[in-house]
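Take a look at the letters that make up each chain.
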Amino acid sequence: MEIRHLRYFATVAETCHFGRAAEQLHIAQPALSHTVRQLEDELGVALLERTTRQVRVTPAGEFFLGEAQRVLAAVDAGVRGVQRIGEGRSGLVRVGFTGTAAFSHLPHLARALAQRVPQVELEVRAELLTADQCAQLRDGSLGVGVLRPPVTADDIDYRVIEVEPLILAVPADHRLAVEPVVSTADLRTEPLVTYDGRHSVVHDAVLRSCRDAGFTPVQQHQAPGTAALLALVAGGLGVGVVPASARALPLAGVVFRDLSGAASVELAVAWHRDTSSPLVNTVLTELEDVFPSARPAAEAG
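For the structure given in this document, a descriptive report is provided here. (Residues numbered from 1 in each chain as written. Predicted model: local features only at pLDDT ≥ 70, side-chain atom pairs only at ≥ 80, totals over all residues. Heavy atoms only, no water.)

1. Topic: helix α1 (residues 3-15)
Worth spelling out the cut-off: A run of DSSP states H or I qualifies as a helix once it reaches four residues; a run of E qualifies as a strand once it reaches two. Both are numbered from the N-terminal end. Here, expected helix span is obtained from the residue count minus one, scaled by 1.5 Å. Exposure classes here rest on a 1.4 Å probe applied to the protein chains alone. A residue is buried below 20% of its type maximum, exposed above 50%, and partly exposed in between. Note on contacts: a residue pair is in contact if any heavy atoms of the two residues lie within 4.5 Å.
Taking 1.5 Å of rise per residue, the 13 residues of α1 would be expected to cover 18 Å, and the 19 Å separating its terminal C-alpha atoms lies within 8% of that figure. Within α1, burial applies to H5, L6, Y8, F9, A10, T11, V12, A13 and T15. For α1, the secondary structure elements touched by its buried residues are α2 (18-25), α3 (29-43), β1 (48-50), β2 (55-57) and α4 (59-86). In the segment just after α1, C16 is the residue with positive phi, at about 50 degrees.

Below, the structure written as C-alpha cells:
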C-alpha cells in the first residue's frame, strides 16, 4: 500500500465519480480504477460499490475513508512543515544581544518576524559581550548576534546596523542634570560608574573619550551591564557614560544628557561565515528590512 493508493481512493470516495476523480488527480480513468482495485484486493474488502450509473462507498469504505483522510492530512502537514523549515520560515533561532540592544532593537525585530514569518521562534540571549557572542556563533549556540565591533574573529561576518553616540546618565538631582548638553571635559572631577572593562567595547570607548578630553576618569564603581550601571547612577554613586540606546531603558532618578566630545560606538548584526541555516538567512533578511543600514553597501539606499 502506498500513499497514492490512499489519495486515489479518497478522491473517488469524495466525488463518487471515477471520471471527475481522474480529472482532479490528472491521471487516466482506467489507471485510477486499476489502482483502487489493487487497494481493495490488498485489503480483501470492497470499498466501493460500482454500477454503470453510480459509485457508492461501502460501510468498510466509509471507515477507511476517514482513516485515509487522517493519514493524508498528516502527510500533507509534514510536507508543508518540512518546506517551511527548508525555506527558513519555521523553527527556532537563537539571537544574542549586547547591552541595551535588547531594549532598543529587539522589539522591532520581534514584531517584524511575528508579522512576516510567525512560525519562526526567537530564543533571546541578552547582555552578551562581543567576545562571548563570537564564541557562541562559532560553536553554534547562537545563530545571529547583535554586537558591537570590532570583531577580531576571521570566521565571523557582520554588517553595521547603527552608529550610536555616547550620552551621559546622571542622577536627577545632579548639577549637570540641568544642562541640555554636557562636555566630556566636564566629567574630569566626576566619579564614574563604568562597565566591567573586560572585553567591553563601550568601556574602551568611554576611556578613550576621557583621554581625548585630557584626563583619566575616576572609576568609582563598575557594573556588569547597563541596567545595573543605571541603578548605581540612580543611587547617586556617580555618573555614567552609555550608548544612546540606553534611553530605551528609563529609570526613575536618572536623566540622560547629550555628551559633546564623546566617541561613538557601532552596533552590528553578525553571523558565522559558514552558516547554512535558512533560519539565519531569514533573520538577516528581516534585519535588513527593519534596519536598512544593515544591507551591503551596494544594496543600501
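2. Some details on the environment of A234
With respect to the secondary-structure elements, A234 resides in helix α9 (residues 226-234). The spatial distance from the C-alpha of A234 to the C-alpha of R175 is 14 Å, given a sequence separation of 59 residues. Excluding residues within four positions of it along the chain, A234 makes contact with L251, A252, G253 and V254.

3. What about the nonpolar core?
To keep things clear, this is the line we draw: Side-chain atoms within 4.5 Å link the members of a nonpolar core, which is a set of buried Ala, Val, Leu, Ile, Met, Phe, Trp, Tyr and Cys residues.
Counting 32 residues, the largest nonpolar core has L166, L168, L187, L229, V241, V242 and F256 as its most contacted members. Broken down by secondary-structure element, the contributors of at least two residues to this core are β6 (156-171), β8 (191-195), α8 (201-212), α9, β10 (239-243) and β11 (254-260). Top contributing element to this core by residue count: β6, with five residues. Other than its neighbours up to four places away in sequence, V242 contacts P165, L166, I167, A169, Y195, L229 and F256. Counting 22 residues, the second-largest nonpolar core is a separate cluster that includes F97, V117, I161 and V283.

4. Notes on the packing of aromatic side chains
Operational definition: Each Phe, Tyr or Trp ring, with Trp reduced to its six-membered ring, pairs with another whose centre is within 6.5 Å; inter-plane angles below 30 degrees give stacked pairs, above 60 give edge-to-face pairs, and intermediate values give tilted ones.
The final tally for this structure, using the stated rule, is one aromatic pair. The interplanar angle of 50 degrees and the centroid separation of 5.7 Å between the aromatic rings of F9 and F64 together place this pair among those described as tilted. A residue pair is termed long-range when its members are at least 10 positions apart, and F9 in helix α1 and F64 in helix α4 qualify at 55 residues. Per residue, the accessibility class of F9 equals that of F64, and both read buried.

5. Re the pattern of salt bridges
What counts is decided by this rule: The term salt bridge refers to a pairing of a side-chain nitrogen on Lys or Arg with a carboxyl oxygen on Asp or Glu at a separation within 4 Å.
Inspection of the entire model under this criterion finds 14 salt bridges. D157 is the partner of R273 in a salt bridge, and the nearest nitrogen-oxygen pair spans 2.8 Å. Taken as a pair, R273 in the loop between β12 (264-272) and α10 (278-290) and D157 in strand β6 lie far apart in primary sequence, 116 residues in all. Taking relative accessible area as the criterion, D157 reaches 23% and is therefore assigned partly exposed. Three or more residues are tied together by salt bridges with common partners; here these are R37, E40 and R50.

6. A short note on α8
Relative to the 16 Å expected for twelve residues at 1.5 Å per residue, α8 spans 16 Å between its end C-alpha atoms, a close match to the ideal helical length. Turning to α8, its buried residues are V201, V202, H203, A205, V206, L207, S209 and C210. In this structure, the buried side of α8 is in contact with α7 (130-139), β6, β8, β9 (218-223), β10 and β12. Within two residues after α8, G214 carries a phi angle of roughly 95 degrees, on the positive side.

7. A short note on the packing of α1 against α2
The following threshold applies: What counts as an axis is a line fitted to C-alpha atoms, over the stretch in contact for a helix, and the angles between N-to-C directions run from 0 to 180 degrees. If an angle is under 35 degrees, it is roughly parallel; if it is over 145, roughly antiparallel; if it lies from 65 to 115, roughly perpendicular; otherwise it is oblique. Crossings are assigned a handedness: left-handed for a near helix turned anticlockwise from the far helix by less than a right angle, right-handed for a clockwise turn. The residue classification treats Ala, Val, Leu, Ile, Met, Phe, Trp, Tyr, Cys and Pro as nonpolar and Asp, Glu, Lys and Arg as charged. All others, Gly included, are polar.
Following both chains from N to C, one finds α1 and α2 inclined at 130 degrees, their axes separated by 8 Å at the closest point. Looking at the two axes, α1 sits oblique to α2. Considering how the two elements wind past one another, α1 and α2 form a crossing that is right-handed. Each of R7, Y8, T11, V12 and T15 in α1 lies in contact with α2, whose residues at this interface are F18, R20, A21, Q24 and L25. For the contact of α1 with α2, a count of residues per class yields five nonpolar, three polar and two charged.

The values are spatial; any link to function lies outside them.
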